Each structure stands twice: as structure tokens, then as C-alpha cells.
Amino acid sequence: MDAGGAYGGGKAGAPFDPFTFVQRPQVILRGVCLLFAIIVFSCISSNGWIYDDSEKQEVCLFNRDASACHYGEGVALLAFLASVGFLVGEYLFEQMSSVKTRKHYVLLDLGYSGFWSFLYFISFCYLANQWSSAPPPPETAGTGSIQAAICFSFFSVITWAGCAWFAFQRFKQGADSAFAPTYDADPGNLSGAAYTSYPGPDTDTGYQEAPFSGNQQRGGNMDYQAPAY
């Protein structure tokens, strides 16, 4: 991660470099999340349903549980849209001049990525359980697509957890690299030598006697003599 600015991003106003952008770990991982979402959604929507002549309607191959198909499709579709949104956010992240705006984006990334990793884990367990209980489809129709949807749901758990980890690292870094050395230095870490020119109350300053104190004492000890006439 680039530590040149707040929250792991470059300083605002720097020229955009597309080659550096596509090589960033966050961008690569978001692209993988987007690809996996497309695979899961396509496999379930295209081959996860089969027409049943007896029921005169399409049924889900996941043990005829329509909720399993809808859940898998919904999680993948929202993951696709979120991946596109976060890719746009990564592009705009370098242009965010406000530290508070960057912090809000990082917190959103952390919360959403962690939550979506959890939803993908539920999806993987749900689809795998229903598929293990489902009767074999006629002529093994859609078997490969169903297994691919289950596998890539599991892979998505890892990729979204990785996005959450990168966001957490950004949050830990915060704005320290950009502002701490100048504005947020801990007073306890500053050397006391910088203040040696300002003595404390007990330091000998060289003025132990008030000016003219000797004359005042001698004048006070002289006896009064009346003038002679």
C-alpha cells in the first residue's frame, strides 16, 4: 500500500497512473471478487433451474429449494454491484482531499467486505447442503454449473475476507503517515533539551539579591547624627 497519504492512499492532487492503479492489491482483489460474482450468478441463473413437467414450472436443482437458488443469485448479484462500486471508489480514493471522507470510505469498505464474506459463507454452506440432499438431475443437466457455483461461493469467502483485511490495515494506518510527524506528535516523546533555555522556578538565575539591596542595608544600619551648628 502506498503510505504517501492518509489511510494508505496517495496525496490528493497527484496525477493518475493507470498502471500503478491496476497493480494495487485492493484493485486486483476487487476484480477477482467481481469475476467470481459473475460466475456464481451465471451458473445458478442459467443452469440452476430445470423445467419440471409434472409441476409445469421450473424448479431449483438445489433439492427443489427455490430459496437456495434465489439466495445464491442475490448474494452474487449484490456482490457484483458492490465490486463495481468499490472499484470506482478506489479510483476516486486518491482524489479525496478530506481525511474524514477517506476514513468513512475505509470504514464502509471494512464493514461491507466483512459482512459479505459472512453472507458468502452462508451461501456456500446452504448451497452445498441442499445439493448433497438433492436427487440426481435428469441426464446430469447443470451438474457442472451447480458445482462451480458452490466452489466459487467458497472462493468468494476468501476474497471478500481479503478485502476486509486490506481495509483494516488502512484503518490501522490512518492518517499517521501524513500528519503525525507534524501535528500529532506525542508531547511525552519530545526531548526536554528543547526547553533548557527556560529555567524552572528553582533554577539559579544569577539574581539572588535584589538591586541596591546592599546600599539599603548599609543605610539602615547607620546611626543618625545631628548636624553641627
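Please read these numbers as outputs of a predicted model, since none were measured by experiment. (Residues numbered from 1 in each chain as written. Predicted model: local features only at pLDDT ≥ 70, side-chain atom pairs only at ≥ 80, totals over all residues. Heavy atoms only, no water.)

Q: How would you explain the pattern of salt bridges if you had to name every residue and give the values?
A: One pass over the structure, following the stated rule, counts three salt bridges. In this structure, Glu90 engages Arg24 in a salt bridge whose closest nitrogen and oxygen atoms are separated by 3.1 Å. Placement of Glu90 in helix α3 (residues 66-93) and of Arg24 in the loop between α1 (18-22) and α2 (25-47) is noted, with a sequence separation of 66 residues between them. The residues Glu90 and Arg24 share a single accessibility class, namely buried. Residue Arg170 pairs with Glu90 through a salt bridge whose shortest N-O separation is 2.9 Å. With Arg170 in helix α5 (residues 143-173) and Glu90 in helix α3, this pair connects stretches of sequence that are 80 residues apart. Overall, Arg170 belongs to the buried group, its relative accessible area being 1%. With a relative accessible area of 0%, Glu90 lands in the buried category. Within this structure, Arg24, Glu90 and Arg170 form a network of salt bridges that share partners. (Salt bridge = Lys/Arg side-chain N within 4 Å of Asp/Glu carboxyl O. Helix = DSSP H or I, 4+ residues; strand = E, 2+ residues; numbered from the N terminus. Buried < 20%, exposed > 50% of the residue type's maximum accessible area, 1.4 Å probe, protein only.)

Q: Tell me about α2, residues and numbers included.
A: The end-to-end C-alpha distance of α2, which contains 23 residues, comes to 33 Å, matching closely the 33 Å that a straight helix rising 1.5 Å per residue would cover. Those residues of α2 not exposed but buried are Gln26, Val27, Leu29, Arg30, Cys33, Leu34, Phe36, Ala37, Val40, Cys43 and Ile44. (Expected span 1.5 Å × (residues − 1).)

Q: Tell me about the packing of aromatic side chains, and please be specific about residues and values.
A: Scanning the model with the defined rule gives 15 aromatic pairs in all. Consider the rings of Phe36 and Phe155, whose centres lie 6.1 Å apart with planes at 45°: the pair is tilted. One end of the pair, Phe36, is in helix α2; the other, Phe155, is in helix α5, and 119 residues separate them in sequence. Following the ring pairs from residue to residue traces out a cluster consisting of Phe86, Phe93, Tyr105, Tyr112, Phe115, Trp116 and Trp160. When the ring centre of Phe86 is taken as reference, the NZ or CZ atom of Arg30 above it lies at 4.2 Å. When the ring centre of Phe93 is taken as reference, the NZ or CZ atom of Arg102 above it lies at 5.0 Å. (Phe/Tyr/Trp six-rings, centres within 6.5 Å; stacked < 30°, edge-to-face > 60°. Lys NZ or Arg CZ within 6 Å of the ring centre and 35° of its normal.)

Q: Pulling in residues and values, what's your account of empty space enclosed by the protein?
A: Applying the stated criterion to the full structure yields one cavity of 30 Å³ or more. By volume, the largest cavity amounts to about 30 Å³. Gln26, Arg30, Glu90, Asp109, Cys163 and Phe166 together form the lining of the largest cavity. At the level of secondary structure, the elements contributing two or more residues to the lining of the largest cavity comprise α2 and α5. (1 Å grid on protein atoms, 1.4 Å probe; cavity = no way out; pocket = protein on both sides within 12 Å on 5 of 7 lines; lining within 4 Å. Points joined across faces, edges and corners; volume = space filled by probe spheres on them.)

Q: A description of the packing of α2 against α5 should follow, citing residues and the corresponding values.
A: Helix packing geometry: the angle between the two helix axes and the distance between the axes. At a closest axis distance of 9 Å, the pairing of α2 and α5 adopts a crossing angle of 155°. Put simply, α2 runs roughly antiparallel to α5. In the packing of α2 onto α5, the handedness of the crossing is left-handed. Partitioning the contact of α2 with α5 into residue classes produces 17 nonpolar, seven polar and two charged. (Axes fitted to C-alpha atoms, helices over the stretch in contact; angles between N-to-C directions. Parallel < 35°, antiparallel > 145°, perpendicular 65-115°, else oblique. Left-handed = near helix turned anticlockwise from the far one by under 90°. Nonpolar A, V, L, I, M, F, W, Y, C, P; charged D, E, K, R; others polar.)

Shape is all these values report; function is a separate question.
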